[in-house]
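Chains, contacts and geometry: an overview
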Amino acid sequence: MKTTAYEIMDDLISRLPIFAHKQTVYIYDEAGGYYKETPQYEVEHLIMELYRGIIKHSGNGSLIEQVYKLLLKEPRIVRNAEPLSDPTKVSFANCTVDLETKSANIHSMNNVVTHALNCDLARFAHQSEDCPLFDKLLQDISGGDVVLEQRIWEIFGYCLTPDVNGKVFFVFQGVPN
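1. Considering the overall build of the chain
Looking only at helices and strands, the chain features five helices and six strands. Written out in order from the N terminus, the α and β elements of the chain read α-β-β-β-α-α-β-β-β-α-α. Summarising its shape, the C-alpha atoms of the chain cover approximately 75 × 35 × 30 Å along the three principal directions. By the burial criterion, 32% of the 177 residues in the chain qualify as buried.

As structure tokens, this is what we get:
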């Protein structure tokens, strides 16, 4: 009896942390600690790599595309939630930071994060929280205005993450010459 595309899809989702959202497949990247948006050709290459023997035995190369189409429709892995990524989590190369608790945690596929910063948070762990040069820069730029300093921190936050749920933009205005 030949293996069906559904059986391959069922096995694949039991083996990999994976979900689909708006006709796109996301596969968990253990090294980066986030769900990576994975193009169709990469997913199909992965299917071929993992199920080459089954596909060869079936004599049906179209099984690969059939499995991909099933992934996009499988209710167990389709996510319709918005926002897709948890806005309270930021993934770094070595950990995931929870912005609500301000804690750094090991990566977990249970954290639905679809982006990662390619830097290691640990290299800052042994430094004190005081950054006198940066603090002076903020003081100089803001003229001591605490609200403006908070706004500058907010700008940094938006620059570091792809979260656009705040629906904000920033205008930089200087003094005329």
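Picking up where we left off.
2. Overview of the pairing of strand E1 (residues 18–21)
Burial along E1 is two-sided: the residues Ile-18 and Ala-20 and Phe-19 and His-21 are all buried. Taken together, the four bridges between E1 and strand E2 (residues 24–29) define a ladder with antiparallel strand orientation. Bridged to Ala-20 within E2 is Val-25. Between E1 and E2, which follow one another and run antiparallel, lie two residues, and Lys-22 among them has a positive phi close to 50°.

3. As for the packing of helix H2 (residues 40–58) against helix H3 (residues 63–73)
Angle between the axes and distance between the axes are the two parameters that describe a pair of packed helices. In the contact formed by H2 and H3, the axes pass within 8 Å of each other and the chain directions differ by 125°. Classified by the angle between their axes, H2 and H3 sit oblique to one another. Considering how the two elements wind past one another, H2 and H3 form a crossing that is right-handed. Residues Gln-40, Val-43, Glu-44, Ile-47, Met-48, Ile-55 and Ser-58 of H2 form the contact with H3, whose own contacting residues are Leu-63, Ile-64, Glu-65, Val-67, Tyr-68 and Leu-71.

4. Here's the deal with the environment of Glu-37
Within the secondary structure, Glu-37 is located in strand E3 (residues 34–38). Between the C-alpha atom of Glu-37 and that of Ala-20, which follows or precedes it by 17 residues, the distance is 9.2 Å.

5. A short note on the packing of helix H4 (residues 132–142) against helix H5 (residues 146–160)
Across the interface, H4 lies against H5 with an axial gap of 9 Å and an inter-helix angle of 120°. Crossing of H4 against H5: the hand is right-handed. Where H4 approaches H5, its residues Phe-134, Leu-138, Gln-139, Ile-141 and Ser-142 are matched on the opposing element by Leu-148, Glu-149, Ile-152, Trp-153 and Phe-156. Classifying every residue of the contact of H4 with H5 by side-chain character gives seven nonpolar, two polar and one charged.

6. Comments concerning the pairing of E3
Both E2 and E3 contribute to a ladder of five bridges, which runs antiparallel. Considered in E3, the bridge of Asp-29 is made with Tyr-34. What sits between E2 and E3 in their antiparallel hairpin is a turn of four residues, with Gly-33 showing a positive phi close to 75°.

7. What about the pattern of salt bridges?
On inspection of all chains with the given rule, the structure shows nine salt bridges. Ionic pairing is found between Arg-15 and Asp-11, a salt bridge with its closest N-O pair at 3.3 Å. Here Arg-15 pairs with Asp-11, and both are found in helix H1 (residues 5–15), just four residues apart, close to one helical turn. Via salt bridges that share partners, Asp-10, Glu-74 and Arg-76 belong to a single interconnected network.

8. Some remarks on the side chain of His-21
Locating His-21 in the fold gives a position in strand E1. Polar contacts involving the side chain of His-21 include one to the main-chain carbonyl oxygen of Arg-79, which spans 2.7 Å.

9. A few points about the state of the cysteines
What is meant by a disulfide is a covalent connection between two cysteines, made through their sulfur atoms. Using the criterion set out here, one finds zero disulfides in the structure. Between Cys-95, a free cysteine, and Cys-119, which holds the nearest cysteine sulfur, the sulfur-to-sulfur gap is 9.0 Å. By relative accessible area, Cys-95 is classed as buried at 7%.

What counts as what
Every residue gets a number counted from 1 within its own chain, in the order that chain's sequence is written. Reporting in this predicted model follows two pLDDT cut-offs: at least 70 for local features of residues, and 80 or more for side-chain atom pairs to be given and counted; totals over whole chains, interfaces and linings ignore these cut-offs and use all residues. Side-chain calculation: all heavy atoms of the structure are included, whereas hydrogens and water are not. Strands here are runs of E lasting at least two residues and helices are runs of H or I lasting at least four, both read from the DSSP assignment and numbered beginning at the N terminus. The classification of residues rests on relative accessible area computed with a 1.4 Å probe and restricted to protein chains. Under 20% of the type maximum is buried, over 50% is exposed, and intermediate values are partly exposed. The pairing criterion is simple: DSSP has to find at least two bridges between the two strands. As a rule, the C-alpha atoms of each element are fitted with a line to give its axis, helices using only the stretch in contact, and angles between N-to-C directions run from 0 to 180 degrees. Any angle that falls under 35 degrees is termed roughly parallel, while one over 145 is termed roughly antiparallel, one within 65 to 115 roughly perpendicular, and all others oblique. By definition, any crossing whose near helix is turned counterclockwise from its far helix by less than a right angle is left-handed, and any crossing with a clockwise turn is right-handed. By definition, residues are in contact when any of their heavy atoms lie within 4.5 Å. Residue classes follow a fixed rule: Ala, Val, Leu, Ile, Met, Phe, Trp, Tyr, Cys and Pro count as nonpolar, while Asp, Glu, Lys and Arg count as charged, and any other residue, Gly among them, counts as polar. We define a salt bridge as a contact between a side-chain nitrogen of Lys or Arg and a carboxyl oxygen of Asp or Glu at a distance within 4 Å. Polar contacts, as counted here, are pairs of nitrogen or oxygen atoms within 3.5 Å of one another; within protein the pair requires one atom able to donate a hydrogen and one able to accept it, and residues that are adjacent in sequence qualify only if both atoms are side-chain atoms. Disulfides are defined as cysteine sulfur pairs within 2.5 Å.

In short, shape yes, function no, at least from these values alone.
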